[in-house]
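# Structural overview
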Amino acid sequence: MDRFPDHDPQETQEWLDALEAVLEQEGPERAHYLLERLIDKARRSGAYLPFSANTAYVNTIPPAKEEHSPGDHAIEHRIRSYARWNALAMVLRANKNTNVGGHIASFASAATLYDVGFNHFWHAPSEKHGGDLVYIQGHSAPGIYSRAFMLGRLTEEQLDHFRQEVGGKGLSSYPHPWLMPDFWQFPTVSMGLGPLMAIYQARFMKYLHDRGVANTEERKVWCFVGDGEVDEPESMGAIGIAAREKLDNLIFVVNCNLQRLDGPVRGNGKIIQELEADFRGAGWNVIKLIWGSYWDPLLARDTKGLLQKLMDECVDGEYQTFKSKDGAYVRKYFFGKYPELLEMVANMTDDDIWRLNRGGHDPHKIYAAYSAAVKHKGQPTVILAKTVKGYGMGEAGESQNITHQQKKMGTISLKSFRDRFNLPIPDDKIEEVPYLEFAEGSPELNYMREHRMALGGYLPARRRKAEPLVVPPLSAFDAFLKASGEGREVSTTMVFVRLLNVLVKDKNIGKHIVPIVPDESRTFGMEGMFRQLGIWSSVGQLYTPQDADQLMFYKEDRNGQILQEGICEPGAMSSWIAAATSYSMHGVSMIPFYIFYSMFGFQRVGDLAWAAGDSRARGFLLGGTSGRTTLNGEGLQHEDGHSHLIASTIPNCVSYDPAFAYELAVIMQDGLRRMYKEQEDIFYYITLMNENYAHPAMPNGAEEGILKGMYLFREGQSDKETPKVQLLGSGTILREVIAAAELLKQDFGVASDIWSITSFNQLRRDGIEANRWNLLHPEAKPRLSYVESCFRERSGPVAAATDYMKVYADQIRAFLPKSYLVLGTDGFGRSDTREALRRFFEVDRHYVAVAALKALADEEMLPKAKVTEALKKYGINPDKPNPVTV
Ligand SMILES: Cc1ncc(C[n+]2csc(CCOP(=O)(O)OP(=O)(O)O)c2C)c(N)n1
Ligand SMILES: [Mg+2]
């Protein structure tokens, strides 16, 4: 208000009195209406009134409007105190001997926020309710274990093995479904991914409901976010979509403890005010939960608004410092700023002042905020809860900059923590930091259990499997196993779209298919699906599409099947994760196919792909327009020569680079079988190309090799005199390899066995497995890797070419007994025709032929002069610069 000098205080008072009268007699809604009308009138009359997204620095819900918690607060306080202690104890005990780390201060600030949720709000899946989904802040994991321990869900031994997982009895450092598949649902510790995934989870639940796949109506997604974590663009980047989609099934709780790892979050500002403006501006329902109940009487007496003014003026850096001191300090440096306020607290002791609590530590206020949030309709809600980092840790960390990583507490601090929370631990036991439990039959244990049973059971808990789906046999794709026929040239992308068409029509799994596109449908030739399947929209289609008169018009529909994400790969990936974990979250398997420019896949959203692996996601990722030389024209930023390498870093990601229609059909069918019938926790990355060519029929018995990663595509005819080479190729470059075999035969009388390599990644994994076994069983008959078994009875050296970096094909070198020459596309891409690019990157048929001859010469099966002859014959300049460096 200081921005505007008050030129006429009497007039001001008249307006304020009028407003007060409306508030008293007609209520806040009427007052709101009148104010909006006044602002509207002023603007229409030409006045410039800049928008302010902020409200005063007080709780959004006034005391009179608070819904009262039905809980027993004394019992809840004891439960929470034990939970705090055990969380602290497990971190201290784990670090006494092993130094494995862990966090105390984060949960200490959030304990009450979780406790109220567990006791009163969060449903587990049951017959009555599908279950709420809670994204827990990664660093608060000890507190969640602590509660589970008190409920008998975890043992003391497990707590003692916090962060010591290798023996099998431990607890993971953070929420990881991969490591604790019956417990954790969401990997949240990579800051920013939790909030992003939660938004798309909430949206996907609306999708499932609209399509009649699952009833998700009463279910909520709760997402706990750190106030430091909101710095991540991923945390805030999708809040607009949550509002646009009216995700009233979504509740964010931002734990505003004013600190992050190194220090204050907004020392010079106010994080709650900043976030209020961001979220309100984006269209969210914002509930500020700043002050605890002890402030209510003071605020009620603040008729002149002076306390309010002081609250507004004080910055977060100061608020933090206050809580690292004591009541006397707060009296002097907070209330002391204005004599009237000093007077206001004159009859309060320093202890009374210290007890003035923050909203996020007040179970009554939290209950009121949660209850308002779950009832709110038409908008997502964010609760901005002010807390104290390291609450209760006293000198060992309360509100101190070092607190985030504090994992040691001396005896004095432990004793004062014990006293503060009234914990039954004798002095002579305090240094052992014993775990605390409520006895069987105690009111506290009964209370905890009863409240959880009333809400359907324990949380967190993760469902491992859903009903298996009936997946189509390979024969359903018969048409793809035959030759495409003369003149029928198509790309593998087209083949994929056709396969998808077969799948969406399948009577068993058609409904479960979720096509996901980030504004690239036309790039991949999928626009036909707009009309056929519809693009899901929660409001249907409110306009006549421009192309309404066309066969394949842009159809949005409440029952639409396609998720059109716009230009947002992280969002599309989050939708894919939601669909790919639907078997666990919703008990119904969905089959997502997310197709994207391969360059904007793993490289762009790699951390989400990692989280997908941790989440045990099941689904298909399709890297479209892949290959460094196959997407001609687009250039350096678009031409991908390494996505397979990144894919290979994720242990449960199975990746393929197929060349032909039948390969793709076999891979997809087996993927469906493994993920949705056998329910293996794996996901697929398949690259697709946009080069058109004819597709041959599947060689007899190729299925097994296609899936393992290689099979003999064509055997070279040779007698004993003819030198022979083994040629390997993958993706479209296989066709260059096939052409090279012709050249070798015609020009040099060399025979070639041609192998189609569907996955160097899978071949390497298999080889490593065999080698490992041999290492550990030195005297047993050695196991052969699949690569070795393929080449065991084959003669001649080996040469490989792919449209990826050389290291991709190089991965199998260790399993090849013979000399091995690898071609690949290292270096930045650029735009040109495919022919020119393949020449430039040295992966065209001529280079393959030269490489084959060189491999033969290295084995002394040909004179070296033959290689020189080939270089000349094919017009290759040996002094051409290396494409990596130009
Ligand atoms: C992407 C990412 N970057 C950095 C970290 C390391 N890190 C873990 S916690 C933390 C500070 C968190 O502060 P805040 O979000 O405020 O949570 P609090 O513990 O205060 O509740 C940081 C930087 C991480 N886990 N993920
Ligand atoms: Mg914080």
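The preceding data block contains the structure.
This structure is a prediction, so every number in the text was calculated from the model and none was measured.

### Quick notes on helix α19 (residues 443-454)
Quick reminder: α-helices carry 3.6 residues per turn. Residues three or four places apart thus point the same way. Under the 1.5 Å per step criterion, the end-to-end length of α19 is 16 Å for twelve residues, consistent within 8% with the ideal 16 Å. Of all the positions in α19, only Glu444, Leu445, Tyr447, Met448 and Arg452 are classed as buried. What you see down the axis of α19 is that its buried residues fit within an arc of 160 degrees, all on one side. Seen from the buried face of α19, the exposed residues on the opposite side, beyond 90 degrees, are Pro443, Glu450 and Ala454. Against the buried residues of α19 lie α3 (73-97), α4 (105-121) and α5 (141-150). Directly beyond the C-terminal end of α19, a positive phi value near 100 degrees is found at Gly456.

### Structural notes on empty space enclosed by the protein
In total, this model carries eleven cavities of 30 Å³ or more according to the counting rule given. What lines the largest cavity is simply Trp291, Trp295, Tyr319, Phe322, Lys323, Val330, Phe334, Ile353, Trp354, Leu356 and Arg358. Taken together, the elements giving at least two residues each to the lining of the largest cavity come down to α13 (316-324) and α16 (350-355). At three residues, α13 tops the list of elements feeding residues into the lining of the largest cavity. Looking at the lining of the largest cavity residue by residue, the class counts come to nine nonpolar, no polar and two charged.

### A short note on the nonpolar core
Side chains of a nonpolar character, in soluble globular proteins, are inclined to be buried together. The biggest cluster of nonpolar side chains holds 92 residues, and the ones touching the most others in it are Ile199, Leu250, Phe252, Phe334, Phe335 and Trp576. Looking at which element gives the most residues to this core, the answer is helix α7 (residues 193-210), with eleven residues. Of all hydrophobic cores here, the second largest spans 85 residues; its members include Val490, Ala740, Ile754 and Tyr874.

### Details of the site of ligand 1
Around ligand 1, 18 residues are found, and the nearest of them are Ser106, Gln137, Asp227, Gly228 and Lys389. Here an oxygen atom of ligand 1 sits 2.7 Å away from a polar atom, N or O, in the side chain of Lys389. In the complex, 75% of the free accessible area of ligand 1, which totals 590 Å², lies under the protein chains.

### Overview of the packing of aromatic side chains
Tallied over the full model, the rule gives 57 aromatic pairs. Judged by centre distance (6.1 Å) and plane angle (85 degrees), the rings of Trp295 and Phe334 are edge-to-face. Of this pair, Trp295 sits in the loop between β4 (285-289) and α11 (296-301) while Phe334 is found in the loop between α14 (327-333) and α15 (339-344), placing the two residues 39 residues apart along the sequence. The class of Trp295 is buried, set by a relative accessible area of 6%. Classification of Phe334 by relative accessible area gives buried; the value is 2%. Following the ring pairs from residue to residue traces out a cluster consisting of Tyr57, Trp291, Trp295, Tyr319, Phe322, Tyr329, Tyr333, Phe334 and Phe335.

### Regarding the coordination of the magnesium ion (ligand 2)
Looking at the magnesium ion (ligand 2), the protein donor atoms are Asp227 (OD), Asn257 (OD1) and Gln259 (O), and they sit 2.0 to 2.1 Å from it. Here the donor residues of the magnesium ion (ligand 2) share one chain and are spaced in sequence as D-x29-N-x1-Q. Of the two residues, Asp227 is situated in the loop between β2 (221-226) and α8 (233-236) and Gln259 in the loop between β3 (250-256) and α10 (271-282); the sequence distance between them amounts to 32 residues. For the pair Asp227 and Gln259, a shared accessibility class is recorded, and that class is buried.

### Looking at the layout of surface pockets
Of the pockets and cavities examined, the second largest pocket occupies roughly 970 Å³. Every residue lining the second largest pocket is counted, 40 residues in all, and those nearest its centre are Lys206, Glu245, Lys246, Asp248 and Asn249. Contributions of two or more residues to the lining of the second largest pocket are made by α4, α7, α9 (239-244), α17 (363-375) and β7 (535-536). Ranked by the residues each element gives to the lining of the second largest pocket, the list is headed by α7, at five residues. The class makeup of the residues in the lining of the second largest pocket is eleven nonpolar, twelve polar and 17 charged.

Cut-offs and rules
Residues numbered from 1 in each chain as written. Chains lettered and ligands numbered in written order. Predicted model: local features only at pLDDT ≥ 70, side-chain atom pairs only at ≥ 80, totals over all residues. Heavy atoms only, no water. Helix = DSSP H or I, 4+ residues; strand = E, 2+ residues; numbered from the N terminus. Expected span 1.5 Å × (residues − 1). Buried < 20%, exposed > 50% of the residue type's maximum accessible area, 1.4 Å probe, protein only. Arc of directions from axis to C-beta. Contact = heavy atoms within 4.5 Å. 1 Å grid on protein atoms, 1.4 Å probe; cavity = no way out; pocket = protein on both sides within 12 Å on 5 of 7 lines; lining within 4 Å. Points joined across faces, edges and corners; volume = space filled by probe spheres on them. Nonpolar A, V, L, I, M, F, W, Y, C, P; charged D, E, K, R; others polar. Core = buried A, V, L, I, M, F, W, Y, C linked by side-chain atoms within 4.5 Å. Near = heavy atom within 4 Å. Polar contact = N/O pair within 3.5 Å; in protein donor to acceptor, adjacent residues only side chain to side chain. Areas by Shrake-Rupley, 256 points an atom, 1.4 Å probe, with all protein chains shown as cover. Phe/Tyr/Trp six-rings, centres within 6.5 Å; stacked < 30°, edge-to-face > 60°. Donors = N, O, S within 2.8 Å, 3.2 Å for Na, K, Ca; no water.

Interpretation note: all reported values are geometric properties and have no functional meaning in isolation.
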